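Listed below, chain by chain, are the residues.
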Amino acid sequence: IGRLRFVGLKNYLIVLTDPDLLQIINNAFNLILYFTLIPIALGLAVASVIRGHMSGTFGTVTRTVLFLPQVIPLVAAGIAWSWMFASTGLVNQLLTAVGLGSLARGWLGDFTFALPAVGMIGAWVLLGLCTMLLVTGIAKIDTSIYEAAELDGAGKWQELIYITIPALRQEIGVCVTVTVIAALASFDIVYIATAGGPGISTMVPGLEIYRLAFAHRQVGLASALAIVLMVLVLVCILPVQWFARPKR
């Protein structure tokens, strides 16, 4: 590593002013859109659809299929999706089959689409967990509330907005907490799928910390970035925890 030399706050100033490091932090925040919004939105939709069939075969099969990505190692998921996003992979084959071959590309090697592609992998992995949490929460809601709403003429959308979402405040809070941390502290999927490339278009703080510490021996800068990342996680999570706590 080299001789120890005290530099004060220099490493923190580098983290907060270096354009590349700021872009890397911004990449992690962009992943929140995919790791958090998509799994929670789709999870709410799926949980609402299977609400009346939770004990039936349809509900059981749906929950099992959606939860499978959660038990697959992230390394295996990254490898599988790397194959599917390849130039000759399943995604491009499907686009070609439906007449959209002009949209085919090497998704993980494209500067514009690499980060969204990585985000979709994370969304797929986290969808099952969010769905299971939300399904469990919906199961605790008194069905008579939905019956009363139907008698009053409420549609499915009104039931979702005025009954389901307010009743799932704590479950949604848990989903947001877990998925935001997964986005900001992501490592496995990015390392396997793109290794941060092309360029630094998919580089995230977790992978950059590893690279700085073990490849470039800049342990001080890596540690400063790790502390900044921890602070960012707390800044994002603490308001969610306050909002999701039970109201008295």
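In what follows, the structure referred to is the one given above.
The rules behind these values
Residues numbered from 1 in each chain as written. Predicted model: local features only at pLDDT ≥ 70, side-chain atom pairs only at ≥ 80, totals over all residues. Heavy atoms only, no water. Phe/Tyr/Trp six-rings, centres within 6.5 Å; stacked < 30°, edge-to-face > 60°. Helix = DSSP H or I, 4+ residues; strand = E, 2+ residues; numbered from the N terminus. Lys NZ or Arg CZ within 6 Å of the ring centre and 35° of its normal. Buried < 20%, exposed > 50% of the residue type's maximum accessible area, 1.4 Å probe, protein only. Polar contact = N/O pair within 3.5 Å; in protein donor to acceptor, adjacent residues only side chain to side chain. Contact = heavy atoms within 4.5 Å.

## Description of the packing of aromatic side chains
All told, the structure shown has 7 aromatic pairs when counted by the stated rule. Ring plane angle 40 degrees and centroid distance 5.5 Å describe the contact between Tyr-210 and Phe-214, whose orientation is recorded as tilted. Of this pair, Tyr-210 and Phe-214 both sit in helix α11 (residues 205-215), 4 residues apart, roughly one helical turn. Through a chain of ring-to-ring contacts, the aromatic side chains of Phe-187, Tyr-191, Tyr-210 and Phe-214 assemble into a single cluster. The aromatic ring of Trp-107 is capped on one face by Arg-105, whose charged end is 5.4 Å from the ring centroid. Lying over the aromatic face of Phe-243, Arg-169 brings its terminal NZ or CZ to 4.8 Å of the ring centre.

## Concerning the side chain of Thr-177
With respect to the secondary-structure elements, Thr-177 resides in helix α9 (residues 169-184). Residue Thr-177 is classed as buried on the basis of its relative accessible area, which comes to 13%. Polar contacts involving the side chain of Thr-177 include one to the main-chain carbonyl oxygen of Gly-173, which spans 2.8 Å. Setting aside chain neighbours within four positions, we find Thr-177 in contact with Ile-237, Val-240 and Gln-241.

## Things to note about unusual backbone geometry
Cis geometry marks the peptide bond from Gly-197 to Pro-198, where omega comes out at -5 degrees. Mapped onto the secondary structure, Pro-198 falls in the loop between α10 (188-193) and α11. Positive phi, close to 55 degrees, is recorded for Ala-195, a residue that is not glycine. Note on placement: Ala-195 falls in the loop between α10 and α11. In this model, Arg-217 sits at a positive phi of 60 degrees, which is unusual for a non-glycine residue. Within the secondary structure layout, Arg-217 lies in the loop between α11 and α12 (219-244).

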